[in-house]
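# Fold and contact review
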Amino acid sequence: MAHVSDLIATDIEKYLQQHEKKSLLRFITCGSVDDGKSTVIGRLLYESKMLFEDQLAAIEADSKKWGTQGGEIDFALLVDGLAAEREQGITIDVAYRFFSTDRRKFIVADTPGHEQYTRNMITGASTADLAVILIDARKGVLTQTRRHSYLVSLIGIKKVALAINKMDLVDYSEEAFNAIVESYKAFAQQIGLTDITPIPLSALRGDNMTEPSTNTPWYHGPTLMAFLETVDIDESRLQSEPFRLPVQWVNRPNLDFRGFCGYISSGTVKPGDRVRAQPSGRESKVKAIVTLAGEQPIGVAGQSVTITLEDEIDISRGDVISAAVAPAEVADQFEASIVWMTDEPMLPGRPYLMKIGTQTVSATVTEPKYKVNVNTMEHLAAKKLDLNEIGVCNIALDRQVAFDPYNANRETGGFILIDRMTNATVGAGMLHFALRRSYNIHMQHVDVDKASRAAAKGQRPGVLWFTGLSGAGKSTIANLVEKKLHAMGRHTYLLDGDNVRHGLNKDLGFTEADRVENIRRIGEVSKLMVDAGLIVLTAFISPFRAERAMARSLMADGEFVEVHIDTSLAVAEERDVKGLYRKARRGELINFTGIDSPYEAPEAPELRIDTAECSAEAAADLVIARMREFGMIA
């Protein structure tokens, strides 16, 4: 239900036309816990007549059961919809609400204040034009206020309404209001927030929400509703930026039509405009712009369109169609800010999926250059990023993508990181710039390739990746397999975990981060050896599925054979040839796989061997037999 208008009863079509042409403001409310974010939104919905009678009756009943205001209406319950939120009196998830006035339409996101839900706040802020940052007048600027303000700045929101709430609890003190404003502006200046409008509020009592309050005669600024209705949002800014259309789908309904569908993230486009497909760099001219309503003379930022081109050039989902005179940049290595959003830490070297625009690529994150202390804005040294931490890292992709710096274009400069195994979103990021080496370092063409080297050796190269617990028998079996292959005249090399740590990886320990880097290096070395035409055997615990998947992704199809030496922890511990399990049980070895560090068993290995039921010699024969099945040896 929208705000009350006489046109609803007298001329519904005219009302709908007016409603359609109103500008839309997306904003978020954020701040520390219990600053009154949900109450502010609830009051706005109530004052804009967005509640049906049955909703109002329900909220009055809920206020008696769940409310925190005695017998009065608890407006926060209008948006705190989860049972856990009502029981605890806090916001957990992001709640979106729509409302409208005579002047403007609004979509507001109520974001949680607790630190462990900072990731939810990022979700709400990603599409917002403005932030309403609430501060409890009794408490002033708190840690979470700083955190959310920094995130608002990081996300690219420039305009802030500083809503100092619960003024009724400090007797509407002008001194308290001014002290908070001064303290906040001093902090905001450090993070680049300058367009700030402070407003004294009591959302519960309605002071300065929609009408000027008699309780604050010293305040002469706008009410919160008046500010939201009149704040200048440059809706034409995106249209003045260079044209960008990330391709979502190639539309080919018949042989005579081939169009490229997508959402115009910035700029405008007309038939006849010269455009560039990226990252390929091919250029053509726009032939037609098609929407559901038919062909259009122009396409503008914010529209979903289908574009046809005069030339047949190769464009697929994930590519970006850009203005030829001002194309996007193309690179595969970047510096970026990352907000980590999951309990598992961000580990340097671990492969993730990166979704940027409509493109999904494989990404590896380096060790953070630094993480940010949001209280002091200090840059702190860091080996990893934990939940809700913010850091600056370098990112390397497996292919080039078209992009713009985030501060120039959110759509083509923002990305998310996805766990390869669970498909859960683990991080959100903003690209700063491409690294120079992304432009200056290129693959050198060589005439003698992998096929030539393999042909000279008379074999098919590949990797036998032995994985399992310490003491399972990986090295023993791998050594026997190599002896048998050598006797057949095959060219091989065995990379053993202990041997490699005496040289290439002697700088690495046994933390999760170091283990990830250990396997990343072995994967890359194995790739080079396969390129040399060798059959490579690797014997490493390699406890994490993600890193084994990364090693597999480096090889061509059919070149990677995962061999799980499936020995139970009890049997491996009973063998304990090196005495490592005993040391781990005594606490002398930390991060030992199977004791205080997990082993993620392969879900679908090419070969599984139980050494409790099979001798090492028989296991080696099984590996050789499986190699013959795969065509790795004749």
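Quick note: structure is the one above.
The following paragraphs examine the structure supplied in this document.

What counts, and at which threshold
- Residues numbered from 1 in each chain as written.
- Predicted model: local features only at pLDDT ≥ 70, side-chain atom pairs only at ≥ 80, totals over all residues.
- Heavy atoms only, no water.
- Helix = DSSP H or I, 4+ residues; strand = E, 2+ residues; numbered from the N terminus.
- Expected span 1.5 Å × (residues − 1).
- Buried < 20%, exposed > 50% of the residue type's maximum accessible area, 1.4 Å probe, protein only.
- Contact = heavy atoms within 4.5 Å.
- Axes fitted to C-alpha atoms, helices over the stretch in contact; angles between N-to-C directions.
- Parallel < 35°, antiparallel > 145°, perpendicular 65-115°, else oblique.
- Left-handed = near helix turned anticlockwise from the far one by under 90°.
- Nonpolar A, V, L, I, M, F, W, Y, C, P; charged D, E, K, R; others polar.
- Pairing = 2+ DSSP bridges.
- Phe/Tyr/Trp six-rings, centres within 6.5 Å; stacked < 30°, edge-to-face > 60°.
- Core = buried A, V, L, I, M, F, W, Y, C linked by side-chain atoms within 4.5 Å.
- Lys, Arg positive; Asp, Glu negative; His and termini not counted.
- Salt bridge = Lys/Arg side-chain N within 4 Å of Asp/Glu carboxyl O.
- Polar contact = N/O pair within 3.5 Å; in protein donor to acceptor, adjacent residues only side chain to side chain.

### Some details on helix H16 (residues 512-531)
For H16, built from 20 residues, the straight-helix expectation of 28 Å at 1.5 Å per residue is met to within 8% by its first-to-last C-alpha distance of 29 Å. Listing the buried residues of H16 in full gives Ala 513, Arg 515, Val 516, Glu 517, Asn 518, Ile 519, Arg 521, Ile 522, Gly 523, Ser 526, Met 529 and Val 530. Structurally, H16 contributes buried residues whose contacts are with helix H13 (450-457), strand E24 (462-467), strand E25 (492-496), helix H15 (497-500), strand E26 (535-539) and helix H17 (545-553). Backbone geometry just after H16 places Gly 533 at a positive phi near 90°.

### So, unusual backbone geometry
Here the amide bond leading from Gln 278 into Pro 279 is cis, since omega sits at 20°, within 30 degrees of zero. Within the secondary structure layout, Pro 279 lies in the loop between strand E10 (274-278) and strand E11 (283-291). Phi angles above zero are rare outside glycine, and Tyr 172 is one such case at about 55°. Secondary-structure assignment places Tyr 172 in the loop between strand E5 (159-165) and helix H8 (174-190). Not every positive phi belongs to a glycine, and Asn 388 is a case in point at roughly 75°.

### Observations regarding the packing of H16 against H17
In contact at an axis separation of 9 Å, H16 and H17 are set at 15° when each is read in the N-to-C sense. Classified by the angle between their axes, H16 and H17 sit roughly parallel to one another. Here H16 runs over H17; the crossing is right-handed. For the pair formed by H16 and H17, the contact residues are Val 516, Ile 519, Arg 520 and Gly 523 on the first element and Glu 547, Met 550 and Ala 551 on the second. Each residue belonging to the contact of H16 with H17 can be placed in one class, and the counts come to four nonpolar, one polar and two charged.

### A few points about the pairing of E24
Taking burial as the measure, the six residues of E24 include six buried ones, the bulk of the element. Burial along E24 is two-sided: Gly 462, Leu 464 and Phe 466 and Val 463, Trp 465 and Thr 467, pointing in opposite directions, are all buried. As paired strands, E24 and E26 are joined by five bridges and run parallel to one another. Residue pairing across strands places Phe 466 opposite Ala 539, the latter belonging to E26. Sheet analysis places E24 next to strand E27 (residues 560-565), joined by five bridges and oriented parallel. Within E27, the residue paired with Thr 467 across the bridge is His 564.

### Thoughts on the packing of aromatic side chains
Applying the stated criterion across every chain yields a total of eight aromatic pairs. For the ring pair Phe 27 and Phe 106, a centre distance of 6.3 Å and an interplane angle of 85° mean the geometry is edge-to-face. Of this pair, Phe 27 sits in strand E1 (residues 23-31) while Phe 106 sits in strand E3 (residues 104-110), and the two are 79 residues apart along the sequence. The same class applies to Phe 27 as to Phe 106, namely buried. For the pair Phe 177 and Tyr 219, a centre-to-centre distance of 6.4 Å together with 70° between the ring planes defines the contact as edge-to-face.

### A look at the nonpolar core
Among the nonpolar cores identified, the biggest contains 68 residues, and Phe 27, Ile 28, Val 152, Tyr 184 and Leu 228 are the most heavily contacted of them. Aside from chain neighbours lying at most four places away, what touches Tyr 184 is Ile 133, Ile 135, Val 141, Thr 145, Ser 149, Val 160, Leu 162, Leu 193 and Ile 196.

### So, helix H3 (residues 37-47)
Within H3, nine of the 11 residues are buried, which leaves the element mostly enclosed by the surrounding structure. Those residues of H3 not exposed but buried are Lys 37, Ser 38, Thr 39, Val 40, Ile 41, Gly 42, Arg 43, Leu 44 and Leu 45. The inward-facing, buried residues of H3 contact E1, strand E2 (95-100), E3, strand E4 (130-136), E5 and helix H9 (224-230).

### A word on the pairing of strand E14 (residues 304-309)
Most of E14 sits out of view: five of its six residues are buried. Taken together, the four bridges between strand E8 (residues 257-263) and E14 define a ladder with antiparallel strand orientation. Pairing of Cys 261 across the sheet is with Thr 306, part of E14. The sheet contact formed by E11 and E14 spans four bridges and is antiparallel. Residue pairing in the sheet places Val 286 in a bridge with Leu 309 of E14.

### Comments concerning the side chain of Asp 419
Within the secondary structure, Asp 419 is located in the loop between strand E22 (414-418) and strand E23 (425-434). We note that Asp 419 is buried and unpaired, the nearest opposite charge coming from Arg 350 at a distance of 5.5 Å. Here Thr 422 takes part through its backbone nitrogen, which lies 2.9 Å from a polar atom of the side chain of Asp 419. Among all residues touching Asp 419, those that are not within four sequence positions of it are Tyr 352, Ala 424 and Val 426.

### Side note on the sheet that holds E26
Spatial strand order, E25-E26-E24-E27-E28: five strands in an open sheet with parallel pairing. Two strands lie at the open edges of the sheet, namely E25 and strand E28 (607-609), each paired on one side alone. Looking at each pair of strands side by side, their axes are set apart by 15° on average, direction ignored. H16 rests against E24, E25 and E26 of the sheet, and its axis sits at about 150° to E24. Along the sheet, H17 contacts E24 and E27; its crossing angle with E27, the most-contacted strand, is approximately 150°.

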